[in-house]
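Residue-level structure breakdown
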Amino acid sequence: WGFRSSQANAGRRETCMEPLFRIQRVTKIYPMGEIEVVALREIDLELPQHELAVLLGPSGSGKSTLLHLLGGLDRPTLGSVFFHSTDLARLSNAELTQYRRHRVGFVFQFYNLIAGLTARENVELVTELIDDPMRAEEALDRVGLGDRMDHFPSQLSGGEQQRVAIARAIVKRPEVLLCDEPTGALDVATGIQVLEVIEQVHRDIGTSVVVITHNAVIADMAHRVIHLSSGRVADVRCNEHRTTAQELVW
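Here's a quick rundown of the structure. All figures in this text were calculated on a predicted structure; none of them were measured in a lab. (Residues numbered from 1 in each chain as written. Predicted model: local features only at pLDDT ≥ 70, side-chain atom pairs only at ≥ 80, totals over all residues. Heavy atoms only, no water.)

What about the sheet that holds strand E1 (residues 21-32)?
- Spatially, four strands are ordered E2-E1-E4-E5 in an open sheet, and the strand pairing comes out antiparallel. Single-partner strands in this sheet number two, and they are strand E2 (35-47) and strand E5 (86-87). (Pairing = 2+ DSSP bridges. Helix = DSSP H or I, 4+ residues; strand = E, 2+ residues; numbered from the N terminus.)

Laid out in structure tokens, this is it:
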């Protein structure tokens, strides 16, 4: 089988849906010389489709490891990571590449833009790899950079560079957007602007979103909050009332 790019259905909430991700007894161990570091310990977790989920926990709790498994950037040592009905742990390297290319958008703490390319050109690089992308201009418009698309990264603020990174992630119309500390390098006001963009992408495009952070305040904007501690899921809660990004205070 193969992965193809697909348009998510904006605002859709269906009953009796299979989860987007189903994690079953996942353990991840990293060999470090003569010792082994257990990053995740027999995790069981489900993430429904079309939600905005936040993974919370201190450094070393396993957040980034879990995100890497969801994104097909790494494989579990033991257990299964299902995306719909497909176990990512059993895919070949080529199939994982197709999964990352067509189904997943990534946003990291540091923007990883190419300095010699404009915002538009940084986004267009991704469109050459997939079948049915947005136009780069549309993606940049969606993140509020329609008037900055011909600027180079050095001409953009940190928040603007992060919004270019978000545009680059959503131009492929991903089914899921995985964000690793997307506000970690930003001041509070700029961080909130970036969260507003992520919130808008979730709302308008219908993309499922997973954000990892050590900032507990951000959890207030999520449908579902997963607390990780020492490689285990310590708690899962759903917010009955969600706060908008603009209302967050930290």
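A short note on the side chain of Thr213
- Inspection of the secondary structure puts Thr213 in strand E8 (residues 208-213).
- Engagement of the side chain of Thr213 in a polar contact is seen with the backbone nitrogen of Asn215, the distance being 2.9 Å.
- Once you skip the residues sitting within four places of it in the chain, Thr213 turns out to touch Val54, Leu55, Leu56, Gly57, Lys63, Glu181 and Ile218. (Polar contact = N/O pair within 3.5 Å; in protein donor to acceptor, adjacent residues only side chain to side chain. Contact = heavy atoms within 4.5 Å.)

Notes on the pairing of E2
- Taken together, the nine bridges between E1 and E2 define a ladder with antiparallel strand orientation. By the bridge assignment for E2, Val26 is matched with Ile43.
- Between the end of E1 and the start of E2, which pair antiparallel, lie two residues, with Gly33 showing a positive phi angle near 65 degrees.

Observations concerning the nonpolar core
- Judged by nonpolar contacts, the single largest core of 42 residues is most densely connected at Val54, Val123, Leu140, Val164, Ile166, Ile170 and Leu177.
- Elements represented by at least two residues in this core include exactly strand E3 (52-56), helix H3 (119-127), helix H4 (136-142), helix H5 (158-170), strand E7 (176-180), helix H6 (188-205) and E8.
- Sequence-distant contacts of Val54, that is, excluding residues within four places in its chain, are made with Val211, Thr213, Ile218, Ala219, Ala222, Arg224, Val225 and Ile226.
- Phe21, Leu40, Phe83 and Val210 belong to the second largest nonpolar core, which has 28 residues in total. (Core = buried A, V, L, I, M, F, W, Y, C linked by side-chain atoms within 4.5 Å. Buried < 20%, exposed > 50% of the residue type's maximum accessible area, 1.4 Å probe, protein only.)

Considering the pattern of salt bridges
- Summed over the entire model, instances satisfying the criterion amount to 12 salt bridges.
- Among the salt bridges present, the one from Arg25 reaches Glu42, with a minimum N-O distance of 3.2 Å. With Arg25 in strand E1 and Glu42 in strand E2, this pair connects stretches of sequence that are 17 residues apart.
- Judged by relative accessible area, Glu42 falls into the partly exposed class, the value being 46%.
- In this structure, a network of salt bridges that share partners links the residues Arg120, Arg135, Glu137 and Asp150. (Salt bridge = Lys/Arg side-chain N within 4 Å of Asp/Glu carboxyl O.)

Describing the packing of aromatic side chains
- Enumeration over the complete set of coordinates arrives at three aromatic pairs.
- On the numbers, 5.1 Å between centres and 65 degrees between planes, the contact of Phe83 with Tyr99 is edge-to-face. Note that Phe83 is positioned in strand E4 (residues 78-83) and Tyr99 in helix H2 (residues 93-103), a separation of 16 residues in sequence.
- Relative accessible area serves as the criterion here: at 1%, Phe83 is assigned to the buried category.
- When its relative accessible area of 0% is taken as the criterion, Tyr99 is described as buried.
- With centroids separated by 5.9 Å and ring planes inclined at 5 degrees, the aromatic side chains of Phe106 and Phe108 adopt a geometry described as stacked.
- Phe106 gets classed as buried once you look at its relative accessible area, which sits at 18%. (Phe/Tyr/Trp six-rings, centres within 6.5 Å; stacked < 30°, edge-to-face > 60°.)

Some thoughts on the packing of H5 against H6
- Put simply, H5 and H6 touch, their axes get as near as 9 Å, and they point 20 degrees apart. Taken together, H5 and H6 sit at an angle that is classed as roughly parallel. Considering how the two elements wind past one another, H5 and H6 form a crossing that is right-handed. Of H6, the residues touching H5 (which contributes Gly159, Gln162, Arg163, Ile166 and Ile170) are Thr190, Val194, Val197, Ile198, Val201 and Ile205. (Axes fitted to C-alpha atoms, helices over the stretch in contact; angles between N-to-C directions. Parallel < 35°, antiparallel > 145°, perpendicular 65-115°, else oblique. Left-handed = near helix turned anticlockwise from the far one by under 90°.)

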